[in-house]
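The residues making up each chain are set out below.
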Amino acid sequence: MSRQGGSHESRLFSAAQPTSKLCKTAVSFLDIEFVAMDELQHECGVAAVYHLETGIVSPLIPMRDKKRQNVGEGSLAPLSEEPESFEEAITRTSRMIPGMLLDMQNRGQLAAGFTTYKPGRLQLMKTHKDVGGVAEVFRMNQEEPYKALMAEYAGHAAIGHVRYATCGTDHPNHAQPFERQHIARSKWFSFAFNGQLANYRELCEEILGNKDFHLTRETDTEVLHHLISHEMSLNANITPVELLSKLAKILDGSWNIVFMNARGQMFVSRDPLGMRPLCYAHEGSLFAAASESVALTHLGFAEESVHNVPPGHVVIVDGDSVVVEKYADSPQKAHCFFEWIYFANAGSTFDDAGVYLSRKRLGEELAKREPIPMGDDVIVVPVPDTAKAAADAMAFSLGVPSLEGLIRNRYIGRTFIEGNNRADKVRMKYTPLPEVMEGKRVLLVDDSIVRATTLRELLMLLKTRGRAKEIHIRIACPPIIAPCFYGIDMSTVSELFAPRFMTGKVPTAADEQAMADYIGATSLRYLPVEALADCVGLPEKSLCLACVNTIYPTPAGDAMYQRALDKAVAEMKTRSNGSITECASDRAERVYV
């Protein structure tokens, strides 16, 4: 089910043309309801590893820690090590998860965790998780605490997760995996989830319709947890195919799952639309899966061993086999195009499209459409870091330099900063180089504009400290004109920048110039929607483009968009009547950088 636009949409795009009273009318309703800066945030990444009971230790698992002894005068020497059994060796398999999660830290910096399985342990499955980055959660910057943690949670199978929240809070209880302990091994399980359920509210209402049920976390992961538990309570021996087939009939949205139970059975599955990427590899005794292909090649798997989990399929792993089975039809694909433009690791390849080459083609497409004349005073500067590939390709095509005129503090991470002075936060994050930009006409390349709040401050910084003569914004993406309900944190119409300037779904030259004037740029140009498919390298019919064309691939997504439009139009009418006169930038905000 999809839609092509309607009366609400037309009113929204045409009613908010900016004027000199921006802070008192149109802009104020579009600047509310955000806790992040301009950067998009993604809904998580998942990982899984399993060492099969083949009797042969995989050469890819981590090396055994060398024991050392004091031999006098403070010197250390290796001890002679006793032979290691197969069972002892394969318990190091779980140590692969932290490294895999580090390779996917771009997908979530709010929390991390893993669940490990070891059949000879009293706690057959054990879960460690917390709020923080991967290195912090797993104590990877401290050798002895890290080794102690890895020893405590050693196992020959494990699943892992990195989290950014599109729903729920940043409390440790919301970190994944979610483990459900039970006296029956078949019902003792742990799982992690990458995606977002568009019909979350409807599912909650249905669950809470039973007066004996209660939900505590306000997150779609808890709903999924309940649904899995419910099916297992009805049939303790339900197979992965049977379970996922039932879920596919009631879930709407994106929902990749990695799952493991206390019987030592594992599965990794991808939703029927294939919205989020999921890759797996199997060589000899070792199986692994991850949201990014680079997490598998970094383990040592050959590139030809890395495969995509087909949409609507599940990879089932037990002690001695790896089997791929179909659990639902997949007549339509809806791969999120933002994976290639922004979210994914540039070293990854999935669904037969390489991330870096996709971004390179975006830059080449920008170059084809560049209207300003080239000269010795023109340079291209990327907004670090994901726009660099596009910027370099654009500059090469135009025959001008691509220079790092803007340096990003890569050690800030997702840090909470007290106060509401956005300019100070931007200065903490970015350092302009006047020796690069002074007196230049700068083509500033970014991968997207969502809210533009940070971009305005950044442009001011480039003018004052960078001393650029002109700044022309070039965006390697079409305007974002609609919310995402499938795992990206832009779920309200009111937080989006572009619609308030546009009279339709496609920006005119006048629309783009109005945007440029508002943010303080000399000019602004977006890529058109029709250029995306060729740049990504996949057919347009297999991509989800809802946030740039308002055509949603699922019924719940379409319904949520209609509700979001109605709410935005109502808010706009209220504010245009003068009931709210404050400017959003005048209010204290919780801002992360």
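Visitor: Which parts of the structure should I look at to understand the overall build of the chain?
Guide: Counting secondary structure elements, the chain contains 20 helices and 25 strands. For the chain, buried positions account for 57% of its 593 residues. Contacts in the chain between residues far apart in sequence, at least 24 positions, make up 74% of those at least 6 positions apart. Of the accessible surface of the chain, which amounts to about 24,000 Å², a share of 51% is contributed by carbon and sulfur atoms.

Visitor: I would appreciate a short explanation of unusual backbone geometry in the present structure.
Guide: Working note: non-glycine residues mostly have negative phi, and peptide bonds are mostly trans. With an omega dihedral of 5°, the bond running from Gln-176 to Pro-177 counts as a cis peptide bond. Of note, Pro-177 is situated in the loop between strand 6 (157-163) and strand 7 (178-180). The step from Pro-384 to Asp-385 runs through a cis peptide bond, and the omega angle for that step is 5°. Relative to the assigned elements, Asp-385 resides in the loop between strand 19 (378-382) and helix 13 (388-398). Phi is positive for Asp-352, close to 65°, though the residue is something other than glycine. With respect to the element layout, Asp-352 can be found in the loop between strand 17 (349-350) and strand 18 (353-354). On the accessibility criterion, Asp-352 (72% relative accessible area) is exposed. Its identity is not glycine, yet Thr-550 carries a phi of approximately 65°, on the positive side. Within the secondary structure, Thr-550 sits in the loop between helix 19 (546-549) and helix 20 (555-576).

Visitor: What is the right way to look at the sheet that holds strand 4 (residues 111-117) in this model?
Guide: Paired through backbone hydrogen bonds, the strands of a sheet run either parallel or antiparallel to each other. Ordered by their spatial adjacency, seven strands build an open sheet running 5-4-6-1-12-11-13, and the pairing between neighbours is antiparallel. The sheet terminates laterally at strand 5 (125-131) and strand 13 (306-308), the two strands that pair on one side only. The sheet shows a mean angle of 15° between the axes of neighbouring strands, taken without regard to direction. Examined bridge by bridge, strand 4 and strand 6 share seven bridges and lie antiparallel to one another. What sits directly across from Thr-115, in strand 6, is Ile-159. Sheet strands in contact with helix 4 (residues 96-103) are strand 1 (45-51), strand 4, strand 6 and strand 12 (286-290), and its direction is about 150° off that of strand 1.

Visitor: Help me out: how do you make sense of the side chain of Ser-254 in this one?
Guide: Tracing the backbone through its elements, the reader meets Ser-254 in strand 9 (residues 253-261). Overall, Ser-254 belongs to the buried group, its relative accessible area being 0%. From its side chain, Ser-254 meets the backbone oxygen of Tyr-486 in a polar contact 2.7 Å long.

Visitor: When you look at the pairing of strand 23 (residues 470-475) in this model, what are you seeing that I'm missing?
Guide: Moving residue by residue along a regular strand, the side chains alternate between the two faces of the sheet. In terms of burial, strand 23 is a largely internal element, five of the six residues being buried. Summarising the sheet, strand 22 (residues 441-446) and strand 23 pair through six bridges and their orientation is parallel. Each residue of the ladder has a partner; that of Val-442, found in strand 23, is Ile-471. In the classification by handedness, the crossover that spans strand 22, the intervening helix 16 (residues 453-464) and the parallel strand 23 is right-handed. Relative to strand 24 (residues 523-526), strand 23 is paired through four bridges, and the arrangement is parallel. Of the residues in strand 24, the one forming a bridge with Ile-473 is Leu-524.

Thresholds, definitions, all that
Residues numbered from 1 in each chain as written. Predicted model: local features only at pLDDT ≥ 70, side-chain atom pairs only at ≥ 80, totals over all residues. Heavy atoms only, no water. Helix = DSSP H or I, 4+ residues; strand = E, 2+ residues; numbered from the N terminus. Buried < 20%, exposed > 50% of the residue type's maximum accessible area, 1.4 Å probe, protein only. Contact = heavy atoms within 4.5 Å. Areas by Shrake-Rupley, 256 points an atom, 1.4 Å probe, with all protein chains shown as cover. Pairing = 2+ DSSP bridges. Axes fitted to C-alpha atoms, helices over the stretch in contact; angles between N-to-C directions. Polar contact = N/O pair within 3.5 Å; in protein donor to acceptor, adjacent residues only side chain to side chain. Right-handed = clockwise from strand over helix to strand, strands pointing away.

Function-wise, these values are silent; they only describe arrangement.
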